[in-house]
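# Observations on the model geometry
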Amino acid sequence: MSAYAWVNALGGLLIVTSTMVVLARSVKKSAILYALQSFVLVLLLVSLAFATDSEVLFMWSASAFITKVVLVPGMLLFLQRKLGADSQDLGERLSPFKSITLIALEVLICFAAIQGVDLYTAAEVKPALAISLAHFFIGLTCIVSQRNIVKQIFGYCLMENGSHVTLALLAPQAPELVEIGIATDAIFAVLIMVLMVLKIYKTTKTLDTRDLMELRG
Amino acid sequence: MDTSSLLLITMATPLVACLLIAVLPLKLPRAVFEAIHVVSIAVTFLASLFIVASVFAGAGSVEVIDVWFQVDALSAVFLGLVSTVVLLTGLCSVSYIRFDSREGRLDASQVKRFYAFFSLFVFTMLLVVTSNNVIMMWVAIEATTLSTVFLVGSYNTKISLEAAWKYLIVCTAGVAFGLYGTLLVYANAADIMADPHQAVFWTSLVPYAAQFDSALIRIAFVFAAIGFGTKAGLFPMHTWMPDAYSQAPSPLSGLMSGALAKCAMLVLIRFYILAVQAVGPEFPQTVMLILGAASIVFSAFALFSQSDLKRKLAYSSCENIGIVALCLGFGGPLGIAAALLHCIFHGLAKALMFCLSGNVAMKFKTSNLEKIGGIVQVAPVTAVLLGAGLFALSGFPPFALFLSEVLTVISGIYAGYLWLVIPICLALTVVIAAFSLVFLRSVLGKAPDSVKKKDVGALMIVPEMVFIALLLWFGIALPAPVISGVGSATAIVMQEDASHLYEIPVLGEVLYAADAATQPIE
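- In the annotation of an unreviewed UniProt entry, chain B is listed under the name NADH dehydrogenase and assigned to Raoultibacter timonensis.

- An unreviewed UniProt entry lists chain A under the name Hydrogenase-4 subunit E, with Raoultibacter timonensis as the source organism.
- According to its UniProt record, chain A has this under Subcellular location (unreviewed entry): "Cell membrane".

Written out as structure tokens, the structure reads:
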């Protein structure tokens, strides 16, 4: 099995793990599954590093391990501990069947959209590229379909992972500074979301988006 | 001191102010934090003004840290706007936050936090307008959200936190689209350019844009339009805006609508330039036309139906950002110049109106228009300013927005979009009707007996008068340096030599007149 085949296979595994993150019903489970999915992302980056002989990607995979497998899930588990019992059942707007159907549809549409792309670097990794785009939309689906504000944080994390994979696939020689800038910003975003959730919970005693609908956009 | 050092000072000042306010002990008098805040915004304004004047005078771009940060004529237009709006809303904030503090809505730690985050917010906006690195542009736009979310939720009430959460999640998710679009452009450029390190710089991307993969750039531009359009407040990604603007302290709402939304438009314009170079004008212009027209029509009716002054102003922001997008959709030098002028004029007018909504809130303790009446009886100066502001925002002469809106109509007709210009003008009459009702019922009308007859303090009134003076000045006799600066910025967007603009009807005559005005008298 070639390194590129590993990249595409791990891309497929990303979809499975992100679907599991969307479907998990507690913060703890979601955080652990997110760590697992980020670990798959790290493996994908390592495979891509071997496939493209890119030293930078080894650095990326190391920093992705620290930020996505350790730091972000750590912050979310910290949030789970602070929220206590209320983080056990997150609830959802869409049933698991509808969520899976929607995700499958998104994957199909993204595969179709990527067919028109004619880049040299994308030639070997088109399936993974389509999956990374789909991953981005799965994150968006998670934000829109969940009625718990904590779950919306996971949606953002999935969107960010999708962007990260796309960057690695299309620009494997990109300077480390680009990746550091994006990763740092994402960590700050998650940190501020966690702080906001704690503030909202302290003031309103709810995590349900239906209770936070007094203002109508 | 050279302009590069001045640019560093401009950017460093609010960051230093933020850190200073953050580390100083809470027990210090509030005046200390206010003094740091005022000094910071004044230094930022003066240094920015000098840089903008230098760029508009034709001294060339200002660059720092290699080419990571750059102020060309296009950035200078926005740098001038941001620093002016920061100065005037920042001065209004002092009075408004004192009022909130007196009313018990903000305690000492919240006041300190407000000033610290305000400075951080200013720093992030300066990063956006001066960045030449496309990844840094995205990072800076994202940072504006992160630095303002606690300001939007300043009052710590259920609805202000609800607004802050909606703002955070919608903008972060929206701007993630911007990241994706940015990465697609970067990856495409890195694939073509010999040195991938240069692919992060906007100025390096432009000469290679014609070689980009057209399918990828189309996807990237749609992502950028959704992402940065969310931050700018374009329909249908505007949903966070009425909530956030209505719940944030009024001068902050003014700063967000007047300056931040325009920063997002600047980034979108940078992507628009790349897309036009890569796939031709038709695709990016169509995207902007759809977003612009939809924003105007939707928000005109939404604005009419609102009963809260700040929510009305928020929808008006969506409508005016729609006008900017529409101008970009019309394209051509006239459309681009109209878009840039409308960014400046609307930025000033909307910052003024949100500050004035603060005056109204200070007098009536609400922004619900059903409970506001007879402002002219209880706060006559505020009433005059509010009346003038409403007319300015409606696009009436002699205020500056009349100029940009007329130019919008001319550019639309010139580009062959008469069929679109007519319904857009009809939608704008709905906006005029809505603001006329506010004027008749709230500015005039009968004041509740419970409201004391005394205007708000000079610290609020004077900056608002400066806003009105600028709108009148720019409407009656747009200064020659502003005209030539907007002309140079238009040339950057068109990627043409500025001399070609002199051949364009209307615009060419204005540019000739501006040149004549700046010639030394023999």
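## Let's talk about the packing of helix α3 (residues 73–102) of chain B against helix α19 (residues 480–494) of chain B
Residues and elements named next belong to chain B.
- Contact pair α3 / α19: the axes reach a minimum separation of 7 Å and the direction vectors enclose 130°. Between α3 and α19, the angle is such that the two are oblique. Judged by residue contacts, Ala 73, Leu 74, Ala 76 and Val 77 of α3 engage Gly 485, Val 486, Ser 488, Ala 489, Ile 492 and Val 493 from α19.
- In terms of residue class, the contact of α3 with α19 is built from eight nonpolar, two polar and no charged.

## Some points on the packing of helix α3 (residues 55–83) of chain A against helix α6 (residues 149–170) of chain A
Residue and element names in this part refer to chain A.
- Where α3 meets α6, the closest approach of the two axes is 12 Å, and the angle between their N-to-C directions is 180°. The angle between α3 and α6 places the two elements in the roughly antiparallel class. Across the interface between the two elements, Leu 57, Trp 60, Ala 64, Lys 68, Val 72, Leu 76 and Leu 79 from α3 touch Val 150, Ile 153, Cys 157, Asn 161, His 164 and Ala 168 from α6.
- Residue composition of the contact of α3 with α6, grouped by class: ten nonpolar, two polar and one charged.

## Here's the deal with helix α18 (residues 458–476) of chain B
All names here are of chain B.
- Compared with the 27 Å implied by 1.5 Å per residue over 19 residues, the 26 Å span of α18 between its first and last C-alpha is a close match.
- Listed as buried for α18 are Met 460, Ile 461, Pro 463, Glu 464, Phe 467, Leu 471 and Phe 474.
- Check the buried side of α18 and you find it contacts α3, α13 (332–364), α15 (380–393) and α16 (400–414).

## Quick word on the interface of chain A and chain B
- On the side of chain B, 40 residues touch chain A, which itself brings 40 residues to the contact.
- Elements with a minimum of two residues in the side of chain A that touches chain B: α5 (126–145), α6 and α7 (176–204) of chain A.
- By residue number, the principal contributor to the side of chain A that touches chain B is α7(A), which donates 13 residues.
- Among the residues forming the side of chain A that touches chain B, the class breakdown is 25 nonpolar, ten polar and five charged.

## Remarks on the nonpolar core
- One finds B:Val82, B:Tyr186 and B:Leu268 to be the most contacted residues of the largest nonpolar core, which totals 291 residues.
- For B:Tyr186, the residues in contact, after removing those within four places along its chain, are A:Ala171, B:Val134, B:Ile135, B:Ala199 and B:Val200.

## Here we look at the environment of B:Leu127
Residues and elements named next belong to chain B.
- By secondary structure assignment, the location of Leu 127 is in helix α4 (residues 108–130).
- Judged by C-beta crowding, with 21 C-beta atoms within 10 Å, Leu 127 ranks as buried.
- For the pair formed by Leu 127 and Ile 97, sequence separation is 30 residues and the distance between their alpha carbons is 26 Å.
- Leave out the neighbours within four places in its chain, and Leu 127 touches Met 136, Ala 140 and Ala 143.

What counts, and at which threshold
Residues numbered from 1 in each chain as written. Chains lettered and ligands numbered in written order. Predicted model: local features only at pLDDT ≥ 70, side-chain atom pairs only at ≥ 80, totals over all residues. UniProt positions renumbered as here; feature names shortened; annotations may be inferred. Axes fitted to C-alpha atoms, helices over the stretch in contact; angles between N-to-C directions. Helix = DSSP H or I, 4+ residues; strand = E, 2+ residues; numbered from the N terminus. Parallel < 35°, antiparallel > 145°, perpendicular 65-115°, else oblique. Contact = placed C-beta atoms within 7 Å. Nonpolar A, V, L, I, M, F, W, Y, C, P; charged D, E, K, R; others polar. Expected span 1.5 Å × (residues − 1). Buried ≥ 20, exposed ≤ 12 C-beta atoms within 10 Å, placed from the backbone. Core = buried A, V, L, I, M, F, W, Y, C linked by C-beta atoms within 7 Å.

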